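# Secondary and tertiary structure notes
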Amino acid sequence: MPENQNLAIVAEDLVKIYPGRARKPAVRALDGLSFTVPAGRVFGLLGPNGAGKSTTTKILTTLSKPTSGAARVSGHDVLRAPDAVRAAIGYVSQGSSTDPVLTATENLEIAGRLRGIGSGDARRRAARLLDDFGLAEASRRPVSTFSGGMRRRLDVAAALVHRPRVLFLDEPTTGLDPEARAAMWSEIRRLSGEEALTVVLTTHYMEEADRLADELLLVNGGRAVVQGTPEALKEALHGDSIRVSLVEPDPAAVRAAVARVAGLRDVVVEASGTDGVLAARTDDASGAVGAVIAALDAAGIRYGQVAASHPTLDDVYLHFVGHTFGDPSTSSGAGGGATAGDADTITTGAAA
Ligand SMILES: Nc1ncnc2c1ncn2[C@@H]1O[C@H](COP(=O)(O)OP(=O)(O)O)[C@@H](O)[C@H]1O
Ligand SMILES: [Mg+2]
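So, here's what we can say about the structure. (Residues numbered from 1 in each chain as written. Chains lettered and ligands numbered in written order. Predicted model: local features only at pLDDT ≥ 70, side-chain atom pairs only at ≥ 80, totals over all residues. Heavy atoms only, no water.)

## Things to note about the sheet that holds strand 1 (residues 7–18)
Backbone hydrogen bonds hold the strands of a sheet together, and the pairing may be parallel or antiparallel. Spatial strand order, 2-1-4-5: 4 strands in an open sheet with antiparallel pairing. Each edge of the open sheet is held by one strand with a lone partner, namely strand 2 (27–38) and strand 5 (76–77). The pairing of strand 4 (residues 68–73) with strand 5 spans 2 bridges and is antiparallel. Paired with R72 across the two strands is D77, which belongs to strand 5. Strand contacts of helix 1 (residues 53–60): strand 1, strand 2 and strand 4, with the helix running at about 65° to strand 2, the strand carrying the most contacts. (Pairing = 2+ DSSP bridges. Helix = DSSP H or I, 4+ residues; strand = E, 2+ residues; numbered from the N terminus. Contact = heavy atoms within 4.5 Å. Axes fitted to C-alpha atoms, helices over the stretch in contact; angles between N-to-C directions.)

## Quick look at the packing of aromatic side chains
Within the structure shown, the criterion is met by 1 aromatic pair. Ring geometry for F35 and F43: centres 5.7 Å apart, planes at 10°, overall stacked. Taken individually, F35 and F43 each receive the classification buried, so the pair is uniform in this respect. Just above the ring of F133 sits the side chain of R190; from NZ or CZ to the centre is 5.3 Å. (Phe/Tyr/Trp six-rings, centres within 6.5 Å; stacked < 30°, edge-to-face > 60°. Buried < 20%, exposed > 50% of the residue type's maximum accessible area, 1.4 Å probe, protein only. Lys NZ or Arg CZ within 6 Å of the ring centre and 35° of its normal.)

## Section: helix 3 (residues 104–114)
Those residues of helix 3 lying buried are A104, N107, L108, A111 and G112. An end-on view of helix 3 places all buried positions within 135° of arc, on one side of the element. Lining the buried residues of helix 3 we find helix 4 (119–132) and helix 5 (148–158). A positive phi of about 85° marks G116, the residue just after helix 3. (Arc of directions from axis to C-beta.)

## Focus on the packing of helix 3 against helix 4
For the pair helix 3 and helix 4, the least separation of the axes is 8 Å and the interaxial angle reads 130°. Looking at the two axes, helix 3 sits oblique to helix 4. Read as a crossing pair, helix 3 and helix 4 show a hand that is right-handed. Contacts between helix 3 and helix 4 involve A104, T105, L108, E109, G112 and R113 from the former and S119, A122, R123, A126, L129 and L130 from the latter. For the contact of helix 3 with helix 4, a count of residues per class yields 6 nonpolar, 3 polar and 3 charged. (Parallel < 35°, antiparallel > 145°, perpendicular 65-115°, else oblique. Left-handed = near helix turned anticlockwise from the far one by under 90°. Nonpolar A, V, L, I, M, F, W, Y, C, P; charged D, E, K, R; others polar.)

That's the geometry; what it means functionally is another story.
So, in structure tokens, the structure goes:
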């Protein structure tokens, strides 16, 4: 495996098979996933529910073993040196990890003692972290009185008591309201900037990945789809994206109707329930939008909103995977926090 000071993580050909039991078949959650994470940045692991994000995080944090493959975190092999990995990382799981009955201060002091920090140090570190995370005033309140956003910030603070080099955040803003989500985003930015921490963040929110990640890995079906900066991934698509929302669509009829529109590529038509979407890419949005509308009108196809835009991460995903990010048929995994098949939530993220 390559030794590189500037890589916080090297994952090589990770496979994870959860054995089947009773009538449940085995699940190949990771199917040969390889990627590297540069040190000192915010790295986003973006993919729909069930893509394998939590499984990847659990392997990198030594909570789960890969069926095959290897990984190094902060220079340590997750299988051969799990204790060294654990000392170097902080981990915030999808659920909350703090004790609701205890105060914020007590939670952080206990987290420090569990990490082997002496009581005086743990007290000072707790006070400092509560200050950094805007929780100083609430420090003596039981955590059960905290808002979701405050509790999540405390989770992150607790993962930092021992000054880790790499911080893993699994869906840190799922379930938070837009304001709390924005607060968490600026917290994560600050950590990566001021503390030179490597942050590995999983998310199924396109907007979150776009805003926060210096570098991004799109995952789907336990495999890496594409990696790069959000800007580079979007720029690589060049041209414009067109989206037409469809009313009670017959996908085959829609495809036939736009088949002869010149200059369209990556045409995808999806239907779920009574709604649908036509997505396509073009080098000439102004001409193509008119032609698409004319073709839909001529075929008697009902549609709603028509939008043309520069490529988004949704388009990047569509381009590489062949269906929209929120496609219910591929996002129904059990792992995530969002409602399976809730395509709107998945694609619009915090703006919802
Ligand atoms: N403990 C487990 N046992 C069996 N299957 C699991 C387990 N954990 C996750 N899976 C399955 O593995 C796949 C990936 O899950 P997960 O890593 O949680 O994805 P994500 O975090 O991207 O939503 C899903 O199909 C999920 O249902
Ligand atoms: Mg998950």
